[in-house]
Amino acid sequence: MKKVAVIGGGTMGNGIVHVFAMNGYDVNLVETKKEFAERALNTIDKNLTRMVTKEKISEADKTATLERIQTHLDIAVGVKDVDLVVEAVPEVFELKKKIFTEIDANAPDHAILASNTSSISITKLAAVTKRPEKFIGMHFFNPVPVMKLVEVINGLETADEVTDKIMETSKKLGKYPVPANDFPGFVSNRVLMPMINEAIFCVHEGVAKPEHVDEVMKLGMAHPMGPLRLADFIGLDVCLDILNVLYDGFKDPKYRPAPLLVKMVDAGKLGDKTGEGFFKYD
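Residues numbered from 1 in each chain as written. Predicted model: local features only at pLDDT ≥ 70, side-chain atom pairs only at ≥ 80, totals over all residues. Heavy atoms only, no water.

## A short note on the layout of surface pockets
Consideration 1: One number sums up the size of the second largest pocket: a volume of about 230 Å³.
Consideration 2: Ser-119, Ile-120, Ser-121, Lys-124 and Val-245 are, among the 14 residues lining the second largest pocket, the residues nearest its centre.
Consideration 3: The element contributing the most residues to the lining of the second largest pocket is helix 11 (residues 236-250), with four residues.
Consideration 4: In terms of residue class, the lining of the second largest pocket is made up of six nonpolar, three polar and five charged.
Consideration 5: Here the lining of the second largest pocket spans two domains, since at least three of its residues come from each of domain 1 (3-181) and domain 2 (189-274). (1 Å grid on protein atoms, 1.4 Å probe; cavity = no way out; pocket = protein on both sides within 12 Å on 5 of 7 lines; lining within 4 Å. Points joined across faces, edges and corners; volume = space filled by probe spheres on them. Helix = DSSP H or I, 4+ residues; strand = E, 2+ residues; numbered from the N terminus. Nonpolar A, V, L, I, M, F, W, Y, C, P; charged D, E, K, R; others polar. Domains from an automatic or database assignment.)

## Notes on the nonpolar core
Consideration 1: Ranked by size, the top nonpolar core spans 34 residues in total, and within it Ile-16, Phe-20, Leu-84, Val-86, Met-138 and Phe-140 carry the most contacts.
Consideration 2: The biggest single contributor to this core is helix 1 (residues 11-22), with six residues. (Core = buried A, V, L, I, M, F, W, Y, C linked by side-chain atoms within 4.5 Å. Buried < 20%, exposed > 50% of the residue type's maximum accessible area, 1.4 Å probe, protein only.)

## So, the UniProt feature "site: Important for catalytic activity" (unreviewed entry) in the protein chain
Consideration 1: UniProt records the feature "site: Important for catalytic activity" (unreviewed entry) for His-139 in the present numbering.
Consideration 2: Note on placement: His-139 falls in strand 6 (residues 135-140).
Consideration 3: By relative accessible area, which is 5% here, His-139 ends up buried.
Consideration 4: Residues within four places of His-139 in sequence aside, it is in contact with Ser-115, Asn-116, Thr-117, Ser-118, Leu-149, Val-150, Glu-151, Ser-188 and Asn-189.
Consideration 5: For His-139, the side chain forms a polar contact with the side chain of Glu-151, separated by 2.8 Å. (UniProt positions renumbered as here; feature names shortened; annotations may be inferred. Contact = heavy atoms within 4.5 Å. Polar contact = N/O pair within 3.5 Å; in protein donor to acceptor, adjacent residues only side chain to side chain.)

## Some remarks on the environment of Met-264
Consideration 1: Among the secondary structure elements, Met-264 is positioned in helix 12 (residues 259-266).
Consideration 2: Taking the C-alpha atoms as reference points, Met-264 and Val-213, separated by 51 residues in sequence, lie 18 Å from one another.
Consideration 3: Excluding its chain neighbours within four sequence positions, the residues that come into contact with Met-264 are Leu-236, Lys-269, Gly-277 and Phe-278.

## Topic: unusual backbone geometry
Leaving glycine aside, a negative phi is the common case for residues, and trans is the common case for peptide bonds.
Consideration 1: The step from Asn-142 to Pro-143 runs through a cis peptide bond, and the omega angle for that step is 0 degrees.
Consideration 2: Along the chain, Pro-143 falls in the loop between strand 6 and strand 7 (149-154).
Consideration 3: Despite not being glycine, Glu-55 shows a phi value in the positive range, around 60 degrees.
Consideration 4: Structurally, the position occupied by Glu-55 is in the loop between helix 2 (34-53) and helix 3 (59-67).
Consideration 5: With relative accessibility at 72%, the residue Glu-55 sits in the exposed group.

## Observations concerning the domain arrangement of the protein chain
Consideration 1: The domain boundaries assigned to the protein chain delineate domain 1 (3-181) and domain 2 (189-274).
Consideration 2: On a C-alpha basis, the centres of domain 1 and domain 2 stand 27 Å from each other.
Consideration 3: With seven residues of domain 1 in contact, the opposing surface of domain 2 contributes five residues.
Consideration 4: Both faces combined, the contact of domain 1 with domain 2 buries some 480 Å², and carbon together with sulfur accounts for 58% of it. (Buried area = accessible area lost by both parts, 1.4 Å probe.)

## Here's the deal with the UniProt feature "domain: 3-hydroxyacyl-CoA dehydrogenase C-terminal" (unreviewed entry) in the protein chain
Consideration 1: The sites that carry the UniProt feature "domain: 3-hydroxyacyl-CoA dehydrogenase C-terminal" (unreviewed entry) are, in the present numbering, residues 185-281.
Consideration 2: Within residues 185-281, the helical portion is 62% and the strand portion 0%, while the C-alpha atoms at the span's ends are 28 Å from each other.

## Describing the pattern of salt bridges
Consideration 1: This structure, assessed with the given rule, holds 10 salt bridges.
Consideration 2: Taking the shortest distance from any N to any O, the salt bridge between Lys-269 and Glu-276 comes out at 3.5 Å.
Consideration 3: Assessed through its relative accessible area of 25%, Glu-276 is described here as partly exposed.
Consideration 4: A single salt-bridge network, built from bridges that share partners, covers Glu-87, Glu-91 and Lys-96. (Salt bridge = Lys/Arg side-chain N within 4 Å of Asp/Glu carboxyl O.)

## Quick look at helix 2
Consideration 1: Over its 20 residues, helix 2 runs 29 Å from end to end, which matches the ideal 28 Å to within 8%, given 1.5 Å per residue.
Consideration 2: Within the sequence span of helix 2, burial applies to Ala-37, Ala-40, Ile-44, Leu-48, Met-51 and Val-52. End-on view of helix 2: buried residues confined to an arc of 120 degrees, all on one side of the axis. In helix 2, the exposed positions angled more than 90 degrees off the buried face are occupied by Arg-39, Lys-46 and Thr-53.
Consideration 3: Note on helix 2: the residue one or two positions beyond its end, Glu-55, has a positive phi of about 60 degrees. (Expected span 1.5 Å × (residues − 1). Arc of directions from axis to C-beta.)

Right, dumping it as structure tokens:
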């Protein structure tokens, strides 16, 4: 596996491009607009510069990493000669379905197709392609260049050799891959999102203020970041999307999104990305 295409250059996508390119892979970054691609490259450049400043890599390493990245505005062109495609677009099934249909039609027959989805069924996504045995989940964590975990999600028809290949590839990226099977939310969000949701219920019901909920979890449970600060960092809209996937997938009321979360998303208070969520940001 030598060449990779990453579809989407947003928060997760540019981080995935970063780690692949830094570890010797040629990467095609596919975006919908030139300005989006340029923004992703600028973010990667800044993050690499930070690593140079901290003496984690050399200036030559930074230059070599950037030289391995090519940008494309056409999926068909971006995936035509790659060994692996990683999709990193928003958590909307219909959008992912449209993209994977196009990827499947244009990527080489041997190419593995992976989704960075944090909650949508890998089996359901694989079914829109003609290669479900070559389809897998590759769930990175934000910020991708820093976080070590990759959840490797097997769909119903994912071949064992594909799982082995993605586990091996993740290790080459300096990550720690953990295998999981295809259930709503996988492991990470099935455990994390109900905790965040319950913290939001605590605020909604007047149990405690956001900063006090977070202090309890940080000081009492040794969490490096409180659940409400983490929700802002992830994006409250993303949290709501994942909770809806869990609620729809399990039909269990324990996954019902807190009314306060729904109200904040409706108000456009999404956390870090908008400057205000449970806390305010410059």
